[in-house]
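Each chain, written out:
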Amino acid sequence: MSRSPGRKQENHKISRELFVLTYGALVAQLCKDYEKDEDVNAYLDRMGYSIGIRLIDDFLARSAVKKCRSYSETADMIAQVAFKMYLGVTPSVSCSSAMGNEFSLILDKNPLVDFVEELPAERASLCYCNLLCGVIRGALEMVQLAAEVTFLQDRLKGDAVTEIGITFLRKPEDRKHKRN
Amino acid sequence: MADEALFLLLHSEMVAGLYRAAEQGEGENGRCTTKLESMGFRVGQGLIERFTKDTARFKDELDIMKFICKDFWTTVFKKQIDNLRTNHQGIYVLQDNKFRLLTQMSAGKQYLEHAPKYLAFTCGLIRGGLSNLGIKSIVTAEVSSMPACKYLKYSIISPL
């Protein structure tokens, strides 16, 4: 077989497709096992949480980033470094509250739904990418940042973009009292 | 390269989650393995389609098995199969001495009884890939000492 120079790129793309396809097969299996969308969403969130608490180690080891000093730095780090590293996309970050603890990541291209055309009619409230929410939540918890992560908008449900909302739960003043 | 970590974590979570759900629910162990294998089958079908889009036609079954051992395994697990044996009558044994999904678990006999759970998905992956290349088969796996494992592929020969 001849080897073209673009082969390495292709291989990289295919190993990402392995993850996307596996995720799709997983969601399909869960839809067969559970009747209610909420059950599937909760299961995906829990799985994401378990993955997130381990992924953070991998992320910190690979990226060697310095400590984030504010919530907005953290949100930027997630969007620009973590998403780029694992999914190859860079969502844009916007702060949506005056207190500075609510952010949204806006993804116009979501690699997880590459092979999904649309949600089936009987699964209208399924959050297909709920795993991502769990992963972010788990990862943040391991660096001592409690947060709530949910999907605010989802392209699969008809919205224009996919938007993930991160709400940091502890007030910024509390961080001063933590020991370094 | 970072994708590898994602897939490894997702896979171990899938196995853990399915078995946990089975313990709380029906308590049937065999079904979990079937579920994992069928997931792997679907993924293998899709993956091999995208992978072999531009490759030349395969000459025979041995050629296909060599492709699985070299290119397919390298793309999915970042290394080649270490040993391929066959009896030229449809049975192939693929041996991987350092299987990526088991290296993090143990290096020896510890947790040997849990190893088959982590091989079911890959069995399905191989079976799905072969099925889309036109070979109907049964794929089983065995582990005698982690992280080395063997995949056995038996052809299904349909009567004429």
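Structure first, text after, so check above.
In this report, the structure presented in the accompanying data block is examined. (Residues numbered from 1 in each chain as written. Chains lettered and ligands numbered in written order. Predicted model: local features only at pLDDT ≥ 70, side-chain atom pairs only at ≥ 80, totals over all residues. Heavy atoms only, no water.)

1. Describing the sheet that holds strand β3 (residues 137-145) of chain B
Residue and element names in this part refer to chain B.
Stage number 1. Read from one edge of the open sheet, 4 strands run β1-β2-β4-β3, paired in antiparallel fashion. Looking at the sheet topology across the chains shown, the edges are occupied by β1 (83-86) and β3. With direction set aside, neighbouring strand axes in the sheet form an average angle of 20°.
Stage number 2. Sheet topology note: the β1/strand β2 (residues 91-96) ladder contains 4 bridges and is antiparallel. Residue pairing across strands places Asn-83 opposite Gln-95, the latter belonging to β2. (Pairing = 2+ DSSP bridges. Helix = DSSP H or I, 4+ residues; strand = E, 2+ residues; numbered from the N terminus. Axes fitted to C-alpha atoms, helices over the stretch in contact; angles between N-to-C directions.)

2. Some words on the interface of chain B and chain A
Stage number 1. Chain B puts 30 residues into the contact, and the matching count from chain A is 33 residues.
Stage number 2. Three residues, Asp-3, Leu-6 and Leu-10 of chain B, lead the burial of chain B against chain A; their summed loss comes to 20% of the area buried on that side.
Stage number 3. Arg-50 of chain B serves as the salt-bridge partner of Glu-17 of chain A, at 2.6 Å between the closest nitrogen and oxygen.
Stage number 4. Counting residues per element, the ones that place at least two in the side of chain B that touches chain A are α1 (2-24), α2 (29-51), α3 (61-77) and α5 (115-132) of chain B.
Stage number 5. With 12 residues, the single largest contributor to the side of chain B that touches chain A is α1 of chain B.
Stage number 6. Its residues placed into classes, the side of chain B that touches chain A shows 18 nonpolar, 5 polar and 7 charged. (Contact = heavy atoms within 4.5 Å. Buried area = accessible area lost by both parts, 1.4 Å probe. Salt bridge = Lys/Arg side-chain N within 4 Å of Asp/Glu carboxyl O. Nonpolar A, V, L, I, M, F, W, Y, C, P; charged D, E, K, R; others polar.)

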